[in-house]
Amino acid sequence: MNSSVKKITAGVVVVLVILFALGFRVGHPQDGLKNALGSAKSGLVVYKNKPSFTVGSKVLVNLDVPAPSPLLAFVMGNNADTVEIQAGTNVQSVESDQIYGTLIAVIPFLGSIL
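The structure contained in this document is the topic of the report that follows. (Residues numbered from 1 in each chain as written. Predicted model: local features only at pLDDT ≥ 70, side-chain atom pairs only at ≥ 80, totals over all residues. Heavy atoms only, no water.)

Observations concerning the overall build of the chain
The helix and strand tally for the chain stands at two helices and eight strands. For the chain, the N- to C-terminal ordering of α and β elements is α-β-β-β-β-β-β-β-β-α. Based on the C-alpha atoms only, the size of the chain along its principal axes is roughly 55 × 30 × 25 Å. The contacts of the chain with a sequence gap of at least 6 include a subset with a gap of at least 24, amounting to 56%. As presented, the chain carries roughly 7,000 Å² of accessible surface, and 64% of it is formed by carbon and sulfur atoms. Distance between charge centroids for the chain: 22 Å, based on 8 positive and 6 negative side chains. (Helix = DSSP H or I, 4+ residues; strand = E, 2+ residues; numbered from the N terminus. Contact = heavy atoms within 4.5 Å. Areas by Shrake-Rupley, 256 points an atom, 1.4 Å probe, with all protein chains shown as cover. Lys, Arg positive; Asp, Glu negative; His and termini not counted. Charge placed at Lys NZ, Arg CZ, Asp CG, Glu CD.)

Spelled out as structure tokens, the structure:
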């Protein structure tokens, strides 16, 4: 490997470590909201770990078995301990610790590879 490839690789690793330390994560939803480029399962999502959950924001949620998890959903209401989410037509209540974080971006098609 030449030195320029090593420098680029090291730079990418440093940027990823900094983003991880700031609370940014990448997830692969198994169900939930669809986008213009396909289902939630066909993409990867970039999310911010545990920020405040405002009504109308999109979140990545860990649901209890047998539901497919994680799920990409809208926040419909926020109480002290529970958060009302909607994915599709049904609204359900989950504990706030079941929410991974709020959606930053969707990277389409990479989830199909995974």
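Overview of a nonpolar patch on the surface
A cluster of nonpolar side chains, Ile8, Val12, Val14, Val15, Leu16, Ile18, Leu19 and Leu22, forms an exposed patch at the surface whose accessible area comes to about 720 Å². Within the fold, leucine 16 resides in helix H1 (residues 3-21). (Patch = residues over 30% accessible without salt bridge, like charges linked within 9 Å, V, L, I, M, F, W, Y side chains within 5 Å. Salt bridge = Lys/Arg side-chain N within 4 Å of Asp/Glu carboxyl O.)

A word on the nonpolar core
Among the nonpolar cores identified, the biggest contains 11 residues, and these are Phe53, Val59, Val61, Leu63, Leu71, Ala73, Val75, Val83, Ile85, Val94 and Ile99. Looking at this core, the elements that each hand over two or more residues are strand E4 (58-61), strand E5 (71-78) and strand E6 (82-87). In terms of residue count, E5 provides more of this core than any other element does, three residues in total. Isoleucine 85 has contacts with Val59, Val61, Leu63, Leu71, Ala73, Phe74, Met76, Asn90, Val91, Gln92 and Val94, leaving out every residue within four places of it along the chain. Counting residues in each nonpolar core, the second largest holds six residues, with Ala40, Val45, Tyr47 and Leu72 among its members. (Core = buried A, V, L, I, M, F, W, Y, C linked by side-chain atoms within 4.5 Å. Buried < 20%, exposed > 50% of the residue type's maximum accessible area, 1.4 Å probe, protein only.)

Notes on the packing of aromatic side chains
Across all of its chains, the model carries one aromatic pair by this definition. Measuring from ring centre to ring centre gives 6.3 Å for tyrosine 47 and tyrosine 100, while their planes differ by 35 degrees; the resulting arrangement is tilted. Pair noted here: tyrosine 47 is in strand E3 (residues 44-49) and tyrosine 100 is in strand E8 (residues 99-107), with a separation of 53 residues, a long-range link. Lying over the aromatic face of phenylalanine 20, arginine 25 brings its terminal NZ or CZ to 3.8 Å of the ring centre. Above the plane of the ring of phenylalanine 24 lies lysine 48, whose end atom (NZ or CZ) is 5.1 Å from the centre. (Phe/Tyr/Trp six-rings, centres within 6.5 Å; stacked < 30°, edge-to-face > 60°. Lys NZ or Arg CZ within 6 Å of the ring centre and 35° of its normal.)

As for the environment of leucine 71
Position of leucine 71 relative to the elements: it lies in strand E5. The class for leucine 71 is buried, based on a relative accessible area of 7%. Each C-alpha atom of the pair leucine 71 and glycine 101 lies 11 Å from the other, and the pair is 30 residues apart in sequence. For leucine 71, the residues in contact, after removing those within four places along its chain, are Asp31, Gly32, Val59, Leu60, Val61, Leu63, Ile85 and Ala87.

What about the side chain of serine 57?
With respect to the element layout, serine 57 can be found in the loop between E3 and E4. For serine 57, a relative accessible area of 16% puts it in the buried group. At 2.7 Å, the side chain of serine 57 and the backbone oxygen of threonine 54 are in polar contact. (Polar contact = N/O pair within 3.5 Å; in protein donor to acceptor, adjacent residues only side chain to side chain.)

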